[in-house]
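Results of the structural survey
Okay, here's what each chain looks like letter by letter:
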Amino acid sequence: MTLLDLLSPLSAGINLLLILISVFTSAFTAAVGVGGGLLLIMALAQVMPAAALIPVQGLGGPRECYSCYTR
């Protein structure tokens, strides 16, 4: 049993794919300036219930804000 299996009810492959999509959408936002959050919500909507989309997407917000101020 991997760490990803313990943290999420989704399969490890789906979790890894969502992590990679999160990295891509973060880079997209950094390069273009807008749109990465919407792309991430669209990806999350494929595997999660609608009521969980905004809270789960919001978990990455503090990380992104913190990284902006520590450069």
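The text that follows walks through the structure, step by step, so that each part is easy to find. (Residues numbered from 1 in each chain as written. Predicted model: local features only at pLDDT ≥ 70, side-chain atom pairs only at ≥ 80, totals over all residues. Heavy atoms only, no water.)

With that settled, consider the overall build of the protein. When helices and strands are tallied, the protein shows 5 helices and 0 strands. Starting at the N terminus, the α and β elements of the protein follow one another as α-α-α-α-α. Counting over 71 residues, the protein shows a buried share of 15%. Look at the contacts in the protein between residues 6 or more apart in sequence, and 22% of them connect residues 24 or more apart. Here the protein displays about 5,200 Å² of accessible surface, and carbon together with sulfur accounts for 74% of that area. (Helix = DSSP H or I, 4+ residues; strand = E, 2+ residues; numbered from the N terminus. Buried < 20%, exposed > 50% of the residue type's maximum accessible area, 1.4 Å probe, protein only. Contact = heavy atoms within 4.5 Å. Areas by Shrake-Rupley, 256 points an atom, 1.4 Å probe, with all protein chains shown as cover.)

For the rest of this paragraph, the subject is a nonpolar patch on the surface. A grouping of L3, L6 and L7 is seen on the molecular surface, where their side chains present a nonpolar patch of about 370 Å² in accessible area. With respect to the helices and strands, the residue L6 is situated in helix 1 (residues 3-7). For L6, a relative accessible area of 60% corresponds to the exposed category. (Patch = residues over 30% accessible without salt bridge, like charges linked within 9 Å, V, L, I, M, F, W, Y side chains within 5 Å. Salt bridge = Lys/Arg side-chain N within 4 Å of Asp/Glu carboxyl O.)

All chains considered together, the criterion is met by 1 aromatic pair. Ring plane angle 35° and centroid distance 6.3 Å describe the contact between F24 and F28, whose orientation is recorded as tilted. Pair noted here: F24 and F28 are both in helix 2 (residues 12-32), with a separation of 4 residues, about one helical turn. (Phe/Tyr/Trp six-rings, centres within 6.5 Å; stacked < 30°, edge-to-face > 60°.)

In the contact formed by helix 3 (residues 36-44) and helix 4 (residues 50-58), the axes pass within 10 Å of each other and the chain directions differ by 135°. Of the possible angle classes, the one that applies to helix 3 and helix 4 is oblique. Of the two possible hands of crossing, helix 3 and helix 4 adopt the one that is right-handed. Facing helix 3, whose interface residues are G37, L40, I41 and L44, helix 4 presents L53, I54, V56 and Q57. (Axes fitted to C-alpha atoms, helices over the stretch in contact; angles between N-to-C directions. Parallel < 35°, antiparallel > 145°, perpendicular 65-115°, else oblique. Left-handed = near helix turned anticlockwise from the far one by under 90°.)

Once that is clear, we can look at the packing of helix 2 against helix 3. The geometry of helix 2 relative to helix 3 is characterised by a closest axis approach of 8 Å and an angle of 160° between their N-to-C directions. Here helix 2 lies roughly antiparallel to helix 3, going by the angle between them. In the crossing of helix 2 with helix 3, the sense of the turn from one axis to the other is right-handed. Two secondary-structure elements touch here, helix 2 through L18, I21, S22, T25, F28 and T29 and helix 3 through G36, G37, L39, L40, A43 and L44.

If you check helix 2, its first and last C-alpha atoms are 30 Å apart, about what 21 residues at 1.5 Å a residue would give, namely 30 Å. Taken as a whole, helix 2 has its buried residues at N15, L18 and T25. Viewed along the axis of helix 2, the buried residues span an arc of 85°, placing them on a single side of the element. Turned more than 90 degrees away from the buried face of helix 2, the exposed residues are G13, L20, V23, F24, A30 and A31. Positioned one or two residues after helix 2, G33 has a phi angle of 105°, which is positive. (Expected span 1.5 Å × (residues − 1). Arc of directions from axis to C-beta.)

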